[in-house]
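# Notes for the structure review
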Amino acid sequence: MCFSNRKITPNAIVFGVNHHNTLGILRSLGEAGIRSDLILIVTDDSDPYVAKCRYIDNCVCVSNEQEGLDILRRWALADSGGYRRVVFPTYDSVCEILDRYYDELVRYLHLPSCQRKGGILSFYLDKEIMRKTAEDVGFKTPQTYQLDSSRGIDLPKDLEYPCMIKNMKSVIGGKDLKIYHDRETLLKGIMEMSKCSTQIQIQHFVEKDKEIQLLGASFGKGHNLIACVLDKIRQYPLNTGNTCYAYLTPSIEEYIDVDKVNEFLDILDYRGLFSIEFIIKDNECYFLEINLRNDGNGYAPMIGGVNIPYLYYKAMSDQLPFKPQRICRGYHLYVEGNDLANIKEGAVSFIQAIQEYLGSKSKLYWNITDIKPFIVFGLYMIKRKVTRFFKKI
C-alpha cells in the first residue's frame, strides 16, 4: 500500500520499521524543515502509526528489506541526475542490506558507512568484533564467551552466573532479554536462540549501578558529536530491557572517558547516527554495544537543543563536518508505550508513572504538533488489550 500527501520530492529518505525510532527521525528532520520519503517495513495487519507523521511526502509500505531496497533503487535512479539524497536506516537489518549494496548505491545516495566502503559496517555489527574494539581502546567488558551451537553446547567451566545471551549478529533477530541464574535454564535459552542463529555470545550479567547511553553522530575520523548521556532510570523488562524513564544530561565526563569514546569511533571511521551503551558498577564503566543507526531514544536530545539527525543530514548534504554540540540542560524522558507492562506487573504504580510522565520534558510518542501517530498508536494498544482480554474469556 502507498500513502502520499504532496508531490514535492524531499531530500531525505527514511527506511525502517513501524517503531518510534523511525518516527523520531521523521520528526527531527521535519521540525527542521526537511521533509522525508518513507520506506516502511510492515509485517502485520496493524495500521502503521508512523505513516501518519505529518512530515512525510511519500510513504511506501513493504513486507521486507529486499522489497524496500527495490523501492530505494527506483528513487535513487530517478534522482541521480540532480543530487544525492541522504538515507536514514532505523533498523539493524536495513543497515545490513544497505551496507551489502553500498558500492552500488553510494553513487546516487549518501549512506551510513565505515571507512566509506561496503561490508565494513556489517563487520563492526558483530558483537564480538565491537567488544574487542572497545577493549583495544581501554574499555572494560563483562566476562564473555562465544558459542557455535551447531557444534554442540559445551558451556565454559568458569562461566559466571547470572549471565545473558545474545546473537552475535543483531540483524538476525531473536533478541533475548532474560537473565539466566543456572546451567539448566541457560541451556534452554541457548537452544531456543539457536532456532534463529547458532552463533551466540554468552556474557556475565553485571549487577549494575547504572546503565547509560551516549547519543550522537559521526562524520568520519575526528568529527564526532556526542550530544548527551542518557541515564536509564527504569527499563522493561526491569534491568535488561528498553528505556521507560531516563534522565538526559550534558555532563558526559561525569560518567565516562570521552577521549576513549572518540578513539573507538575513529577506529570505525564511521559516518552516521549512533548510540553506545555502557553499564557502570562501582564507578567502573563496562562497554555493552554500539548501534550504528539512529537509536530509539534519538529524538530526545531535541528538547535540549541538539537535533542530531538534522546536523548529520546537513553534514552529508554539504560534505562539511558538523561542530560538536551538547544539550543545554538536563531533563527527563518518558517512553509512553514501554512502561505499560511495568505498571501492569506492579513494578511502578500508576500514580508514580503519571507523575513521571507529566514531569518529563521529552516524550517519544506524544507531540502536540504531530498528534496523529500518537492517536493511532493509542488506539492500536487499546485494541490489542481488548483482543487479549476476550481471548482469555
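Residues numbered from 1 in each chain as written. Predicted model: local features only at pLDDT ≥ 70, side-chain atom pairs only at ≥ 80, totals over all residues. Heavy atoms only, no water.

## Things to note about the pattern of salt bridges
As a working rule, side chains carrying opposite charge can pair if their charged atoms are close by. This model, assessed by the stated rule, comprises 23 salt bridges. In this structure, lysine 52 engages aspartate 47 in a salt bridge whose closest nitrogen and oxygen atoms are separated by 3.5 Å. Judged by relative accessible area, which is 24%, lysine 52 ranks as partly exposed. In this structure aspartate 47 comes out as partly exposed when scored by relative accessible area, which is 40%. A salt bridge links glutamate 192 to lysine 195; the nearest nitrogen and oxygen atoms lie 3.0 Å apart. (Salt bridge = Lys/Arg side-chain N within 4 Å of Asp/Glu carboxyl O. Buried < 20%, exposed > 50% of the residue type's maximum accessible area, 1.4 Å probe, protein only.)

## Quick word on the sheet that holds strand 10 (residues 199-204)
Spatially, three strands are ordered 8-10-9 in an open sheet, and the strand pairing comes out antiparallel. Among the strands making up the open sheet, the edge pair consists of strand 8 (144-148) and strand 9 (163-167). Each neighbouring strand pair of the sheet contributes to a mean axis angle of 25°, computed without reference to strand direction. Bridge count for strand 9 against strand 10 is five bridges, and the pairing is antiparallel. Note on strand 10: the bridge partner recorded for asparagine 167 is isoleucine 200. Of the strands in this sheet, strand 8, strand 9 and strand 10 are in contact with helix 7 (residues 183-193), which crosses strand 9 at around 10°. (Pairing = 2+ DSSP bridges. Helix = DSSP H or I, 4+ residues; strand = E, 2+ residues; numbered from the N terminus. Axes fitted to C-alpha atoms, helices over the stretch in contact; angles between N-to-C directions. Contact = heavy atoms within 4.5 Å.)

## Considerations on the pairing of strand 12 (residues 224-236)
Judged by how many residues are buried, strand 12 sits mostly within the fold: 11 of 13 residues are covered. In textbook terms, the turn of a hairpin is the stretch between consecutive antiparallel strands, and for strand 11 (residues 210-219) and strand 12 this stretch comprises four residues, one of which, glycine 220, has a positive phi near 95°. Judged from the seven bridges that link them, strand 12 and strand 13 (residues 242-249) form a sheet pairing that is antiparallel. Within the sheet, the bridge partner assigned to aspartate 231 lies in strand 13 and is tyrosine 247. Between strand 12 and the antiparallel strand that follows it, strand 13, lie five residues; asparagine 239 among them carries a positive phi value of about 75°.

## Topic: the packing of helix 1 (residues 20-31) against helix 9 (residues 308-318)
In contact at an axis separation of 8 Å, helix 1 and helix 9 are set at 65° when each is read in the N-to-C sense. Classified by the angle their axes make, helix 1 and helix 9 are roughly perpendicular. Between helix 1 and helix 9 lies a crossing of right-handed hand. For the pair formed by helix 1 and helix 9, the contact residues are Ile25, Ser28 and Leu29 on the first element and Pro309, Tyr310 and Tyr313 on the second. Of the residues assigned to the contact of helix 1 with helix 9, the class counts are five nonpolar, one polar and no charged. (Parallel < 35°, antiparallel > 145°, perpendicular 65-115°, else oblique. Left-handed = near helix turned anticlockwise from the far one by under 90°. Nonpolar A, V, L, I, M, F, W, Y, C, P; charged D, E, K, R; others polar.)

That's the geometry; what it means functionally is another story.
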